[in-house]
Amino acid sequence: MANKVLVFLEQRNGQIKKASFEAAKVGAELAAKLGIEAEAVVIGNEVESPEKVGGFGIKKVTHLKNALLENYSDAYKELLTSYTNEINADYLLFGNTAMGKDLAPKLSAKLDAGAAMDILAYEVEGENLKATRPVYAGKALINVNITSAIKILSLRPNVFNAGEATTDTAEVTVKEVEVTELKTKVTELKKAGDKLDVSEAEFIVAGGRGLKEADKFSLVEDLAKELGAAIGASRAVVDAGWRPHSEQVGQTGKTVSPTLYIALGISGAIQHLAGMRSSKYIVAINKDADAPIFQIADYGITGDVFEVVPALIEEIKKVKNG
Amino acid sequence: MKIIVCVSHVPDTATKINLGADGKSIDNNGVTFVVNPYDEYAIEEALKTKESLGEGEVIAISVGPEVNKETIKKALAMGVDRGILLKDENPRDSLAVAKALADEIKQEGAELVFFGKQSVDYDNSVVGQMTAELLGFNSVSVVVDFKLDGTNIVAEREIEGGREVVETSLPAIITAQKGLNEPRYASLKGIMAAKKKPIDEKPAAEAKSYVEVVEMKRPAPKAAGKIVGSDASAVPELVRLLREEAKVI
Ligand SMILES: Cc1cc2nc3c(=O)[nH]c(=O)nc-3n(C[C@H](O)[C@H](O)[C@H](O)COP(=O)(O)OP(=O)(O)OC[C@H]3O[C@@H](n4cnc5c(N)ncnc54)[C@H](O)[C@@H]3O)c2cc1C
Ligand SMILES: Nc1ncnc2c1ncn2[C@@H]1O[C@H](COP(=O)(O)O)[C@@H](O)[C@H]1O
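Residues numbered from 1 in each chain as written. Chains lettered and ligands numbered in written order. Predicted model: local features only at pLDDT ≥ 70, side-chain atom pairs only at ≥ 80, totals over all residues. Heavy atoms only, no water.

Caption draft 1: The overall build of chain A, seen in detail. Broken down by element type, chain A carries eight helices and 18 strands. A globule of 322 residues ought to have a C-alpha radius of gyration of about 20 Å, and chain A, at 21 Å, matches this closely. With the C-alpha coordinates aligned to their principal axes, the bounding extent of chain A is approximately 60 × 40 × 40 Å. Burial status across chain A gives 62% buried among its 322 residues. Taking as baseline every contact in chain A between residues at least 6 positions apart, the subset at least 24 positions apart corresponds to 64%. Here chain A has roughly 12600 Å² of accessible surface; of this, 47% comes from carbon and sulfur atoms. Charge centroids of chain A, computed over 38 positive and 44 negative side chains, lie 3 Å from each other. (Helix = DSSP H or I, 4+ residues; strand = E, 2+ residues; numbered from the N terminus. Rg over C-alpha atoms; globule rule 2.2 N^0.38 Å. Buried < 20%, exposed > 50% of the residue type's maximum accessible area, 1.4 Å probe, protein only. Contact = heavy atoms within 4.5 Å. Areas by Shrake-Rupley, 256 points an atom, 1.4 Å probe, with all protein chains shown as cover. Lys, Arg positive; Asp, Glu negative; His and termini not counted. Charge placed at Lys NZ, Arg CZ, Asp CG, Glu CD.)

And the structure:
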């Protein structure tokens, strides 16, 4: 019999991540299906409003607190392992973020638990858990059965919609924990500016070689600004040095699943599609009606980006101003 | 110093994937297999580290069937000193692969091991971190900058919106991300020399798999999109659709 679902809440700078609220929502649903309890745990120093996780269906959250836990370190995996054992949790949920991707496999090894990473869907089948995940850069999907006693799931961000939080709050228990010497610790955070990262953004405006030159990328920036979107880029423009690698979407860049992905002057090579095909809505603007991007776009305009995008910015301004 | 690099043998990212007859895997017919691209960064970093220390040995290990030797040979041609194939003709889950690797790394007594950040077949991104935990090693994943000073390590890893600078020490596992270095090409001399380098072959340590593939399928095709129109005249209709149909703006 299953016993308990534990959701790991990731905080950075004391803020709980959106991907964690998605995991909380799924955790609460999974527990309901199994007829067991779900709770959450957050590791950090000061954490802003962990009770908010109650709005996504989790009633109890434990904050493992110590000033040394402000940034990610090896203490996270140790604390999470002992907490999992303490409450006897057998389902562990993570958001598939940079931290989740590092932590989940470590827990898998420590707890001798099977892990399904980057999942898009799951089903409960008796004692087994079936999960669906992309393989071969999204060219195929697999269904996997996890058969170990403890099961670990890492959820692709933006796929499981957390929806609006209800006003319910979770009961928060703060536990001051002891942290001995850290063996692997983050000593500095180098931000790539104040920009929104593509892997976390709800809206993305991405540009490709159709923008013609680095300076003209300002068109992408303008539209992104109008929409509050993150900026993405094809490998062609990253290789050309117009944009940093951190903005590259695709097989050798980032995998994204925003609500809206607007591709400007991007042909839609298979390696680019690999990174963005799970976006909810895809808009393509390209002057070549045969460009492969149109095969996966929900809405397309054939035309010159230099003509269409300024008009698009104007139109969005117009509708926003009522 | 003894340095290990773990390599996997995967379909070239540009190849078309066809589903196999068993409904659980791909059809290997006509598929070109290559060294996992991220493992090339791992191999390069292992070689660079040995070169900067001025001494040592680099060993490439792969878990899998006989054909994985192709990938080990490529590593040898790039400059790796010797190879080990931990043979298993049957597929294993990531944790079972990690257990085989951990077992061998322990026997070799290596304290620095490089992995790729991800195998581009199953895209798990886990084997390095799992192996580190099984061995009790420190680890840093998705590394784009690596410095070793004595037994101390300063590495930078990619995270959302930037990088984390991480300090740790040996024994350690590093998983390599694109940007860490520029992998060297195998020279003709390297390819010739590789022919004389040994590849040890032994059965992979037994381990149970907990994650079992029950079905492989194609993603549901996206419903045919619509071309809203051409040129700027189509913009008002696009915005209307985004507001009223997709309800995103
Ligand atoms: C191993 C490997 C990994 C790769 N990984 C990635 C990856 O992670 N991400 C990635 O993006 N690519 C990747 N690629 C590269 C990929 O194959 C393509 O080369 C790349 O995506 C092309 O970028 P692009 O669409 O910007 O350029 P192009 O293919 O040159 O397309 C430019 C498009 O702009 C259109 N255009 C031109 N002018 C205008 C205009 N004025 N108005 C409107 N449209 C215009 C053209 O019709 C064309 O469709 C990888 C390749 C390999 C081999
Ligand atoms: N069968 C294998 N043999 C040796 N190393 C492997 C194997 N599978 C994965 N690895 C290593 O683990 C890394 C991450 O793989 P994965 O977790 O499968 O995405 C790869 O880049 C390799 O360095």
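Caption draft 2: Layout of the side chain of A:Lys4. All names here are of chain A. Mapped onto the secondary structure, Lys-4 falls in strand 1 (residues 4-9). At 3.3 Å, the side chain of Lys-4 forms a polar contact with the side chain of Glu-39. Discounting chain neighbours no more than four positions away, the residues touching Lys-4 are Ile-36, Glu-37, Glu-39, Ile-87, Asn-88, Ala-89, Asp-90 and Tyr-91. (Polar contact = N/O pair within 3.5 Å; in protein donor to acceptor, adjacent residues only side chain to side chain.)

Caption draft 3: Summary view of the interface of chain A and chain B. Counting from both sides, the interface comprises 82 residues of chain A and, opposite them, 72 residues of chain B. Three residues stand out in chain A for area buried against chain B, namely A:Tyr136, A:Lys139 and A:Tyr299, and they jointly supply 12% of the buried area on that side. Across the contact surface, chain A and chain B share six salt bridges. Note that A:Asp112 is salt-bridged to B:Lys99, the shortest N-O span being 2.7 Å. In this assembly, chain A and chain B are joined by 39 residue pairs in polar contact (both at pLDDT 80 or more). (Buried area = accessible area lost by both parts, 1.4 Å probe. Salt bridge = Lys/Arg side-chain N within 4 Å of Asp/Glu carboxyl O.)

Caption draft 4: Expanded view of the packing of helix 2 (residues 74-87) of chain A against helix 3 (residues 98-111) of chain A. Residue and element names in this part refer to chain A. At a minimum axis separation of 10 Å, helix 2 and helix 3 run at an interaxial angle of 50°. As the angle between them shows, helix 2 and helix 3 are arranged oblique. Viewed along their axes, helix 2 and helix 3 form a crossing whose handedness is right-handed. Residues Tyr-76, Lys-77, Glu-78, Leu-80, Thr-81, Thr-84 and Asn-85 of helix 2 form the contact with helix 3, whose participating residues are Met-99, Leu-103, Lys-106, Leu-107, Lys-110 and Leu-111. The residue inventory of the contact of helix 2 with helix 3, partitioned by class, reads six nonpolar, three polar and four charged. (Axes fitted to C-alpha atoms, helices over the stretch in contact; angles between N-to-C directions. Parallel < 35°, antiparallel > 145°, perpendicular 65-115°, else oblique. Left-handed = near helix turned anticlockwise from the far one by under 90°. Nonpolar A, V, L, I, M, F, W, Y, C, P; charged D, E, K, R; others polar.)

Caption draft 5: Focus on the domain arrangement of chain A. All names here are of chain A. Split by domain assignment, chain A resolves into domain 1 (4-176) and domain 2 (203-320). A straight line from the C-alpha centre of domain 1 to that of domain 2 covers 32 Å. Every contact between the two is made by seven residues of domain 1 and, on the other side, eight residues of domain 2. Buried area between domain 1 and domain 2, summed over both chains or domains, comes out near 550 Å², and the portion from carbon and sulfur atoms is 51%. Summed over the three residues of domain 1 that lose the most area to domain 2, namely Ala-137, Lys-139 and Arg-156, the buried surface amounts to 64% of that side. Applying the counting rule to domain 1 against domain 2 returns zero salt bridges. (Domains from an automatic or database assignment.)

Caption draft 6: Inspection of the site of ligand 1 at higher detail. Residues in contact with ligand 1 amount to 27 residues; listed here are only the nearest, A:Arg209, A:Lys212, A:Ser234, A:Thr252 and A:Ser267. The residues that come close to ligand 1 belong to more than one chain, namely chains A and B. A:Asn286 places a polar side-chain atom, nitrogen or oxygen, 2.8 Å from an oxygen atom of ligand 1. Those elements that provide at least two residues to the shell around ligand 1 are helix 5 (235-239), helix 6 (270-276) and helix 8 (305-320) of chain A. Grouping the amino acids of the shell around ligand 1 by side-chain chemistry returns six nonpolar, 15 polar and six charged. (Near = heavy atom within 4 Å.)

Caption draft 7: Structural context of the site of ligand 2. Residues and elements named next belong to chain B. As a structural note, the neighbourhood of ligand 2 is formed by 18 residues, with Cys-6, Asp-39, Val-63, Ser-119 and Val-126 the closest of them. With respect to ligand 2, the backbone of Ser-125 contributes an N or O atom lying 2.8 Å from an oxygen atom. At 2.8 Å, a backbone N or O of Val-127 approaches an oxygen atom of ligand 2. Starting from 480 Å² of accessible surface for ligand 2 in isolation, the protein chains cover 94%. Put simply, the parts of the chain that give the shell around ligand 2 at least two residues each are strand 4 (57-64), helix 3 (94-108) and strand 6 (112-116). The element that contributes the greatest number of residues to the shell around ligand 2 is strand 4, accounting for three residues. Classifying every residue of the shell around ligand 2 by side-chain character gives nine nonpolar, eight polar and one charged.

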